[in-house]
Amino acid sequence: GRSWDTSTRGTGRCLLVACASRKESEDRMGTMGMAGRTETGSRRVPGSPSKEMHSPTKARTSRVPTYQPQRSSRKLFKEKEHMAEEEHEEVEHTVPWIAALTTYFSYAMLFLFGSLRDMLDNAAALVGLGFGGEEPANEKGYGKLLNDFQDFYTRRLYYRIQDCFNRPISSAPGAWIDVMEREFSAPDQSAMRPTGDVITALNLSSYNYLGFAESDLEMRDQVVATMRRLGVSSASPRSELGTTDVHRELEERTAAFLGKQAAVVFGMGFATNSTVLPVLAGAGGLIISDELNHSSIVVGARGSAARIQVFKHNCPKSLEETIRCAIAEGQPRTHRPWRKILVVVEGLYSMEGEICRLKEIVAVCKKYKAYVYVDEAHSIGALGATGRGVMEHCGVPPEDVDVFMGTYTKSFGSVGGYIASSQAVCDFVRRSSPGAAYACSMAPACATQASMAFRMLAGEDGTNKGQQKIQQLRRNANLFRAGLERMGCEVLGDRDSPVIPVMLYNPAKIPAFSRECLKRKLAVVVVGFPATPVIKSRVRFCISAAHTEADLISALRVVDKVAESVMVKYKWSGRPNVTPAGEVLRQSAKHHMEVVGLWDATHVMWSDTLRIDDDGRFTRGNGFAGSWNVAMRDGKTILRLEWDRWPTEELELNSYEDGDNVSKSPCASPRRHMFTGAANLVGSTPVQQNFKLRPREDPLSPRDGAVPKRTATFKLL
């Protein structure tokens, strides 16, 4: 096999060295060779690097806090482990037959009319009546340079809706952005030009999970100071003049945050996968990849000399079957044992919003002594109790994952990527990967930005801003997901995921949904073929900790209207659950309380008025509505609030006779009754003691005018 070796001579040039033997190649791979595991499957911990092996990340990690699972994290691990044991195999997403039929028919019509237009253009070109915009004729004797289908799809399908893709902005990609308006500037719609106008829209399209894309004063000052001290760019690779103190600090913080020995920083996230995988898996090796892995993983795997096999998306059972067959058959033709098997997965799949089943996948890899390579580009910072990614979310120790890959773009408001692993592996990657040895290093100011984000997440800045961002992101993601599911959209992915895809299917609905949202000042990302299968077009919402509850509520209102007009509510039941007025009055009389009227509601996430009508409906002050009913359960009186756009919440009738509570109440009654219950803060997870309903002083009935002061009050348990 071959490996890239960086050896510095007088001019600092790099040499390509062909390994003379298999043993020499294994020695260069360090812990990634065949001897990396013992017969019992345990990992051999590499020793300190040799004196000849220079390491830029040398012995400075003592001042950086290392990863230690917190008590709350361990409790979360046990809960998730218990849930995983009871969980059955995930069912693959299937397309409704009517959606598949109409989608295929739509594409057939588009291809038919596109082919007819091509025939007319070719005929017009033969007689000298070209309509303009057609591809210039090839010189005699030369074949067509462009791919036939790709050229046809671009000209006849993509150009017609390209205003929905790659929209330029003129602001920071924060919670709100300024979208530059464009217009077509060519007859064949192949080019667009800005009009000079901008639309300020709510941003649900950018990877800004923790909100670091917007300027923080302290971080901004540090970044500007680094730029003035070290310049805008080093304009040099890491092996020459591109390594500075801020790069070493970022590597130390990355390794300590993930609980690994060392880390290597790259200037580009895509190049991290595409240039590291070829050097980790060479001739005689096998890469087993998830079928929905990112294109950077696909490019890196294809660029290696290793064989490639894929397994069913996020399915440990399929992975085990693939590994067993690969071990039994061995290498092609020779049937020799594989030198190494590298399993590559993503922590969070950005097009599906699904979280990797890492615990089960690691168990399979341990069983068959395969290495685990996890791409945490979207999960680092966004998942886990402390933002340490999918390993913390799934309860997997850092030592069970051989190589962590990630980027600083999604959660940290910077650029570039990293590899975190053992010291020997990082040293080998630093010498051998073209992305580290030859490509320009990350800009020093960007490295400082990422380091400051790590400091905030670890609490080293003396505040709890980092933890607040993580918790806010989780609340926002689950709140928005619950709203989409409640309104009847077909939502993919898992809870806690900040990426929330909603299926569109039909190609005509791609531009319709995007344009209608932008008209209502909502910026979204729509995705179609070839980024997704041809019948699985979707819109992808990206949630951020920078969003407020009011932002998401207004976004859900827009999505509700657009989804209704574009007809993508594939899961809508057809009607809200309304209790007849007679049944409501009967229940109220049965339980001896007056529920109809105006209430002061204090929720864990909002405070507002709540008007309950005698027709079985209630309305919050901001316009959100639902159905209600009262029932007896286990000797307790329960008020059910069945929101049209949110999960149902139940409140229990309680009696309060404490003098302090009476004095604080606006009601003159000496005896207070309150309804209390468990509110749904995130999805269906109840949060105790955070929702109260109190009758307003001299409330007015929405139908009958004034009513006597009530002595019943609802409070959420």
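Predicted model only: the values in this text are computed from it and were never measured.

**Q** Can you lay out the overall build of the protein for me, pointing to particular residues and giving the numbers?
**A** Check the secondary structure of the protein and you find 19 helices and 29 strands. Looking at the protein as a whole, 51% of its 717 residues are labelled buried. Residue pairs at least 24 apart in sequence account for 67% of intrachain contacts in the protein once pairs closer than 6 positions are excluded. Working note: accessible area of the protein is about 33600 Å², and carbon and sulfur atoms make up 54% of it.

**Q** I'd like a rundown of the sheet that holds strand β14 (residues 499–505), residues and numbers included.
**A** The antiparallel open sheet is built from three strands, whose spatial order is β14-β17-β16. Each edge of the open sheet carries a strand with a single partner, namely β14 and β16 (525–527). Ignoring which end each strand starts from, the neighbouring axes of this sheet average 25° apart. Both β16 and strand β17 (residues 537–542) contribute to a ladder of three bridges, which runs antiparallel. The residue of β17 that forms the bridge with V526 is V539. Contacting β14 and β17, helix α15 (residues 465–486) runs over the sheet at an angle of about 25° to β14.

**Q** I'd like to hear about the pattern of salt bridges, residue by residue, with values.
**A** In the structure shown here, the tally under the stated rule is 24 salt bridges. The salt bridge involving D560 is made with K569; its shortest N-O contact spans 2.4 Å. For the salt bridge of D608 with R620, the shortest nitrogen-to-oxygen distance reads 3.3 Å. Of this pair, D608 sits in strand β19 (residues 607–612) while R620 is found in strand β20 (residues 617–620), placing the two residues 12 residues apart along the sequence. Exposure remark for D608: the relative accessible area of 22% places this residue in the partly exposed category. Look at the salt bridges and you will find they share partners, linking D118, D121, D151, R155 and R156 into a network.

**Q** Can you lay out the nonpolar core for me, pointing to particular residues and giving the numbers?
**A** With 59 residues, the main nonpolar core has L319, V343, L358 and Y408 as its most contacted residues. In terms of residue count, the dominant contributor to this core is helix α14 (residues 444–458) (seven residues). Aside from chain neighbours lying at most four places away, what touches L319 is I288, F311, V343, I361, V364 and C365.

**Q** Lay out helix α4 (residues 148–158) in plain terms, naming residues and giving numbers.
**A** Note: α-helices contain 3.6 residues per turn, so residues at a spacing of three or four share the same orientation. When α4 is considered as a whole, its buried residues turn out to be D151, F152, Y153, R156 and L157. Where the residues of α4 are buried, they touch α3 (97–126).

**Q** An account of unusual backbone geometry is needed here, citing residue identities and associated values.
**A** For residues other than glycine, phi is negative in most cases, and the peptide bonds are mostly trans. Put simply, F529 and P530 share a cis peptide bond, and its omega is 10°. Residue position: P530 is located in the loop between β16 and β17. Phi is positive for R333, which is not a glycine, with a value near 70°. By secondary structure assignment, the location of R333 is in the loop between α9 (316–329) and β8 (340–346). Unlike most non-glycine residues, K521 shows phi in positive territory, near 65°. Relative to the assigned elements, K521 resides in the loop between α16 (509–519) and β15 (522–523). The exposure class assigned to K521 is partly exposed, which follows from its relative accessible area of 47%.

Cut-offs applied
- Residues numbered from 1 in each chain as written.
- Predicted model: local features only at pLDDT ≥ 70, side-chain atom pairs only at ≥ 80, totals over all residues.
- Heavy atoms only, no water.
- Helix = DSSP H or I, 4+ residues; strand = E, 2+ residues; numbered from the N terminus.
- Buried < 20%, exposed > 50% of the residue type's maximum accessible area, 1.4 Å probe, protein only.
- Contact = heavy atoms within 4.5 Å.
- Areas by Shrake-Rupley, 256 points an atom, 1.4 Å probe, with all protein chains shown as cover.
- Pairing = 2+ DSSP bridges.
- Axes fitted to C-alpha atoms, helices over the stretch in contact; angles between N-to-C directions.
- Salt bridge = Lys/Arg side-chain N within 4 Å of Asp/Glu carboxyl O.
- Core = buried A, V, L, I, M, F, W, Y, C linked by side-chain atoms within 4.5 Å.

No statement about biological role is implied by the geometric values presented.
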